[in-house]
Amino acid sequence: MSSSTTTDLDELIQLDSTYHMSTYSRIPVNFVKGRGTRLWDSSGKVYLDLLSGIGVANVGHCHPKVVRAIKNQLDSLIHVSNLFYTKPQLDLAKKITEISFGDACFFGNSGAEANEGAIKLARRYAKLKGKNAFEIITAFRSFHGRTMKTLAATGQPEKQKPFEPLPPGFKHVPLNNIDALKKEINEKTCAIMLEVIQGEGGVYLCDESYLREIRTICDEKDILLIFDEVQTGMGRTGHMFAYEGVGVVPDIMTLAKGIGSGLPIGVLVASKKVAVFKPGEHGSTFGGGPVVCAGALATIGVIEEEGLVENSRQVGLYLKTRLEELKNKEGLIKEVRGRGLMLAVELKEEKAKDIVIGLLKEGIVVNNIGNNIIRFLPPLCLTEDEVDEAISVIEPFVV
Ligand SMILES: Cc1ncc(COP(=O)(O)O)c(C=O)c1O
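None of these values were measured; they are calculated from a predicted model.

*Asks:* I'd love a proper account of the environment of Lys129, names of residues and values included.
*Replies:* When you line up the elements, Lys129 lands in the loop between helix H5 (111-128) and strand S5 (135-139). Along the chain, Lys129 and Asp222 lie 93 residues apart, while their C-alpha atoms are 9.6 Å from each other.

*Asks:* So what's going on with the site of the ligand? Which residues, and what values?
*Replies:* Surrounding the ligand, one finds 13 residues, the nearest of these being Gly111, Ala112, Asp228, Gln231 and Lys257. Between the ligand and Gly111 there is a distance of 2.8 Å, counted from an oxygen atom to a backbone nitrogen or oxygen. Across the complex, the protein chains shield 81% of the 390 Å² of accessible surface that the ligand would expose by itself. For the shell around the ligand, the class distribution of residues is three nonpolar, six polar and four charged.

*Asks:* Describe helix H12 (residues 308-328), naming the residues involved and giving the relevant values.
*Replies:* With 21 residues, H12 ought to run about 30 Å at 1.5 Å a step, and its terminal C-alpha atoms sit 29 Å apart, in line with that. Listed as buried for H12 are Leu308, Val309, Ser312, Val315, Gly316, Leu319, Arg322, Leu323 and Leu326. All buried residues of H12 fall inside an arc of 150° around its axis, so they share one side. Structural note: H12 exposes Gln314, Leu317 and Asn328 on the side pointing more than 90 degrees away from its buried face. Looking at the packing, one finds that the buried side of H12 touches helix H11 (290-305), strand S13 (333-339), strand S14 (342-347), strand S17 (373-376) and helix H14 (384-398).

*Asks:* Tell me about the pattern of salt bridges, and name the residues and values.
*Replies:* Enumeration according to the criterion identifies 24 salt bridges in this entry. With a closest N to O distance of 3.8 Å, Glu213 and Lys182 form a salt bridge. Of this pair, Glu213 sits in helix H9 (residues 208-221) while Lys182 sits in helix H8 (residues 178-184), and the two are 31 residues apart along the sequence. On the basis of relative accessibility, which here comes to 41%, the residue Lys182 falls in the partly exposed class. Among the salt bridges present, the one from Arg212 reaches Glu208, with a minimum N-O distance of 3.8 Å.

*Asks:* Quick rundown of H14? Include the residues and the values.
*Replies:* The end-to-end C-alpha distance of H14 is 20 Å, a good match for the 21 Å that 15 residues give at a rise of 1.5 Å each. At Ser392, H14 shows its maximal kink, close to 30°; a proline, Pro396, follows between one and four residues later.

*Asks:* Outline the packing of aromatic side chains, supporting the account with residue identities and numerical values.
*Replies:* Scanning all chains against the criterion turns up three aromatic pairs. On the numbers, 5.4 Å between centres and 85° between planes, the contact of Phe101 with Tyr243 is edge-to-face. On the criterion of sequence distance, the pair formed by Phe101 in the loop between helix H4 (87-99) and strand S4 (104-108) and Tyr243 in helix H10 (residues 242-246) is long-range, its members being 142 residues apart. Here Phe101 matches Tyr243 in class, with each residue buried. Between the aromatic rings of Phe241 and Tyr243, the centroid separation amounts to 5.9 Å while the plane-to-plane angle is 5°, which identifies the pairing as stacked. For Phe241, a relative accessible area of 0% gives the class buried. Ring pairing ties together the aromatic residues Phe101, Phe241 and Tyr243, which thus form one cluster.

*Asks:* Tell me what's going on with the side chain of Glu346, and back it up with residues and numbers.
*Replies:* By the secondary structure assignment, Glu346 is in strand S14. Every residue in contact with Glu346, bar those within four places of it in the chain, is listed here: Tyr204, Leu332, Ile333, Lys334, Glu335, Arg337, Asn372 and Ile373.

What counts as what
Residues numbered from 1 in each chain as written. Predicted model: local features only at pLDDT ≥ 70, side-chain atom pairs only at ≥ 80, totals over all residues. Heavy atoms only, no water. Helix = DSSP H or I, 4+ residues; strand = E, 2+ residues; numbered from the N terminus. Near = heavy atom within 4 Å. Polar contact = N/O pair within 3.5 Å; in protein donor to acceptor, adjacent residues only side chain to side chain. Areas by Shrake-Rupley, 256 points an atom, 1.4 Å probe, with all protein chains shown as cover. Nonpolar A, V, L, I, M, F, W, Y, C, P; charged D, E, K, R; others polar. Expected span 1.5 Å × (residues − 1). Buried < 20%, exposed > 50% of the residue type's maximum accessible area, 1.4 Å probe, protein only. Arc of directions from axis to C-beta. Contact = heavy atoms within 4.5 Å. Salt bridge = Lys/Arg side-chain N within 4 Å of Asp/Glu carboxyl O. Bend = angle between axes of the 7 residues up to and from the residue. Phe/Tyr/Trp six-rings, centres within 6.5 Å; stacked < 30°, edge-to-face > 60°.

What follows is the structure in structure tokens.
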């Protein structure tokens, strides 16, 4: 179906089915190059990427400044372990605390790992306060990762069922229902963990008033508020962090995806009061390695220098407006949701998979959540002209 050459693709499909566990239902394209908002497959066909490797290539693919920073670091030191000091790690930690509410960081290798760290930190904090509080309340439809604890935190029973029994200590509530949340809080609750905009669950936004009330409850009861900003962070929603857009500051935030431009990184960020880990209580062999941290530092630099947060807000609004126009033509689109360049259209019919494949044939990369939601997570350097280009291709599929 794609323009990847049949032979190279056939070989990869064969290798995948023979040597890789069947964890992914892959789309048959072999991408070989990326620059900015564009991807190339092995036949040379060019695509407009509106997915960024699931919200990762926020500064665009292979940004020269990020590539240079990584190459420079590769030439001097790749790994030495956390037994020693390394400058890229500490420069990055300092930078993240300068641009966020946080006072201290811990580095792991993925979003799930950052969330594991957040769960441990919340439990440790409660224990040090002398409380027997270990439960964490999260929302239905949330997604926090695939490790056993983050799977238990994830509010999607269909993802959990094959792996039951799950680690205990997690409760789920319907999003934006403050009474349902209040009912689940008791002396065992150590934290409430939320995505400000649920990503994998289908791009559902938390109400600002809901988050404000939760902040008040957390303050009153000394319960920690954790925002999983793995997907919403690094300019994605038109703010550097989504919490800024809703005016509610968490105690702990997790980052991954867009901070590393594709290098494996997860960051646990906490306020001084909450950053209570002592030596030996948490760690990672690879976490915070010099190459990844040099790449992440360069990524933040590009986001700032190129005004990508503002671009995400402006071009995101433009894309949302253009999608709303398509919705108003009374075709397949039921709803347009999201903020900045984290958007989704919900369809009236179960046609999302076919549309995603159809768009790919036409050179547009998006993805589907279930069979009625199409998700847009483009690089934050997307232009309005590229939005127009995308809309002209999308229109015949949905109107
Ligand atoms: C909000 C959120 N949290 C956690 C994760 C897990 O991140 P990773 O796949 O890097 O472990 C994801 C991944 O999609 C996510 O969107």
